[in-house]
Amino acid sequence: MPKTVLTTHTATGAGRGGRVKALPDQMRQHNRSLVLTALFHDGAMSRADLARTTGLTRVTISALVGDLVTAGLVREQGAREASGPGKPAVVVDLDRTGLTIIGVDLSGSHEIRGAVLDLSGTVLHRSNVRRPADGDASETLAILERLIDDLRESATGRVLGVGVGTPGIVSDTGVVVASPDIGWHDLPLQENLRERTGLPVYVANDADVATLAERTLGGAGENFMLLKIDRGVGGGVVVRGELARGSRYAAGEVGHVTVGTDAGRLCACGRRGCLETWASVRTIETRISEGEPAERVLREAGERVSIAIAPVVGALDLSEVVLSGPVQHLDGLLRDTAERTLRERVFLHDDVQVRMSALGEDVVLLGATAMLLHGELGIT
Ligand SMILES: [Zn+2]
């Protein structure tokens, strides 16, 4: 059944002379998202199938597909085998090989990771660069800009846009409000990169980007927390299927929550005993390199993680915690200890799971792809 036509209150004069000549923008955007989302999830299909899948009329579908072909987002793929009498139908699909996305992950302990990906999140080209010393804000920005330039040159297809996941607090408009590790403060990174590249750019907190990837591609449920343990410790929380943002864009950020009443080590934020001083990869590697037994370091990291997040899991009634980061540190004693500690500490949650992300080390790059798919194509 055709979808109800949206009414519009725009005063563009489009209706002068009787009939409305152009579809209202809002409705066209909505219908465009329906078509692109159907193609993304279900694959190539005929215009008739698209009409059935989206509930839009054949006439609307023909016009939309025509626009999408002209815009270079959709391609005709020739005729499909006829299943009945009559002419075989031409199938259309997203231009899966011609469209690419640039993703950058600033969360790594040793490297800034960049890649050119296709729309499905497959890495087509990869380029990793060493990160500069802590707090070298301008050098980090210069390296990031060069990396994006290099990736753009390596992209064989049209670049749909750039997605960046960075540690720190990031506003809805891609301003890095504070990233103590990198040394960025009130940096309008998204706007700067948009101006520099002329491309659509999306900048978001690395853990939020990873959480988005886990939600859309990693099979996580409707109520979970993702902890990104790498250079620092970040987090994202999904409640009823929605990513929580919080009052300061910092929902899920438990890295600088003090854990315990013992003093602990000095943190990059200037205080002592933050979760990052117990459980970041940098802390784990430093303590082990200083001669502490790895078992003790990993067990303590797992304990402190769960001491920090138990109130969150309890208060929001979450069903699972997903860990993302280097498996050699996280998957084993740290994860086991975190799960046991969490189950001991939260009433009614003695079956709560702490599991590794199935998306591996590319989780932020995959999340960057998801941001572009959502932001530019309206794919949900
Ligand atoms: Zn701190």
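Residues numbered from 1 in each chain as written. Predicted model: local features only at pLDDT ≥ 70, side-chain atom pairs only at ≥ 80, totals over all residues. Heavy atoms only, no water.

Q: Is there a simple way to think about the coordination of the zinc ion in this case?
A: Around a metal, the idealised angle for a tetrahedral arrangement of four donor atoms is 109.5 degrees; for an octahedral arrangement of six donor atoms it is 90 or 180 degrees. Those protein atoms acting as donors to the zinc ion are His256 (ND1), Cys267 (SG), Cys269 (SG) and Cys274 (SG), and they sit at 2.0 to 2.3 Å. Here the zinc ion is ringed by 4 donor atoms whose angles at the metal span 98 to 124 degrees, and the overall shape comes out tetrahedral. For the zinc ion, the donor residues sit on a single chain with the sequence spacing H-x10-C-x1-C-x4-C. Residue classification places Cys269 among the partly exposed positions, given a relative accessible area of 31%. (Donors = N, O, S within 2.8 Å, 3.2 Å for Na, K, Ca; no water. Tetrahedral: all angles 85-135°; square planar, octahedral: opposite > 155°, others 65-115°. Buried < 20%, exposed > 50% of the residue type's maximum accessible area, 1.4 Å probe, protein only.)

Q: For this particular structure, what's the right way to read the nonpolar core?
A: Soluble globular proteins tend to pack their nonpolar side chains together in the buried interior. Ranked by size, the top nonpolar core spans 40 residues in total, and within it Val35, Leu39 and Leu50 carry the most contacts. The dominant element in this core, judged by the number of residues it contributes, is helix H11 (residues 363-377), at 7 residues. Sequence-distant contacts of Leu39, that is, excluding residues within four places in its chain, are made with Met45, Leu50, Val74, Val92, Asp93, Leu94 and Arg96. Formed by 30 residues, the second largest nonpolar core is a distinct cluster that contains Val259, Val313, Leu323 and Val346. (Core = buried A, V, L, I, M, F, W, Y, C linked by side-chain atoms within 4.5 Å. Helix = DSSP H or I, 4+ residues; strand = E, 2+ residues; numbered from the N terminus. Contact = heavy atoms within 4.5 Å.)

Q: Explain the environment of Ile61 to me, please; I cannot follow it from the model alone.
A: Considering the arrangement of structural elements, one finds Ile61 in helix H3 (residues 58-70). Owing to a relative accessible area of 0%, Ile61 belongs among the buried residues under this scheme. Spatially, the C-alpha atoms of Ile61 and Ala48 are 8.3 Å apart, while their sequence positions differ by 13 residues. Other than its neighbours up to four places away in sequence, Ile61 contacts Val35, Arg47, Leu50, Ala51, Thr54 and Leu56.

Q: Just checking my understanding: could you explain the pairing of strand E12 (residues 224-229) for this structure?
A: In the case of a regular strand, side chains alternate between the two sheet surfaces. For E12, a buried count of 6 out of 6 residues is recorded, marking the element as mostly surrounded by other parts of the structure. Residues Phe224, Leu226 and Lys228 line one face of E12 and the alternating positions Met225, Leu227 and Ile229 line the opposite face, and both faces are buried. As judged from the 6 bridges shared by E12 and strand E13 (residues 233-239), these two strands associate in the antiparallel manner. Counted as the bridge partner of Leu226 is Gly236 from E13. Looking at chain direction, E12 and strand E15 (residues 320-324) are connected through 5 bridges and run parallel. Among the inter-strand pairings, Leu226 is bridged to a residue of E15, identified as Val322. (Pairing = 2+ DSSP bridges.)

Q: What am I meant to see in the sheet that holds strand E11 (residues 201-205) here?
A: Pairing is mixed in the open sheet, where 5 strands are placed in the order E6-E5-E4-E7-E11. What marks the edges here is a single partner per strand, and that holds for strand E6 (123-130) and E11. Between one strand and the next, the sheet's axes are offset by a mean angle of 15 degrees, whatever the strand orientation. Taken together, the 7 bridges between strand E5 (residues 111-118) and E6 define a ladder with antiparallel strand orientation. What sits directly across from Leu117, in E6, is Val123. (Axes fitted to C-alpha atoms, helices over the stretch in contact; angles between N-to-C directions.)

Q: In this structure, what is going on with the packing of aromatic side chains? I would like to understand it.
A: Aromatic ring pairs are defined here through the distance separating the ring centres and the angle between the ring planes. Using the criterion set out here, one finds 0 aromatic pairs in the structure. When the ring centre of Tyr202 is taken as origin, the NZ or CZ atom of Arg194, which lies over that ring, is 5.5 Å away. The ring of Trp278 has Arg304 lying over it, and the distance from NZ or CZ to the ring centre is 3.7 Å. (Phe/Tyr/Trp six-rings, centres within 6.5 Å; stacked < 30°, edge-to-face > 60°. Lys NZ or Arg CZ within 6 Å of the ring centre and 35° of its normal.)

Q: Would you mind showing me how to read the domain arrangement of the protein here?
A: The figure often quoted for interface size is the accessible area lost as the parts come together. Each domain of the protein was delimited in the assignment, giving domain 1 (16-94), domain 2 (99-210 + 363-377) and domain 3 (220-357). On a C-alpha basis, the centroid separation for the pair domain 1 and domain 3 is 45 Å. (Domains from an automatic or database assignment.)

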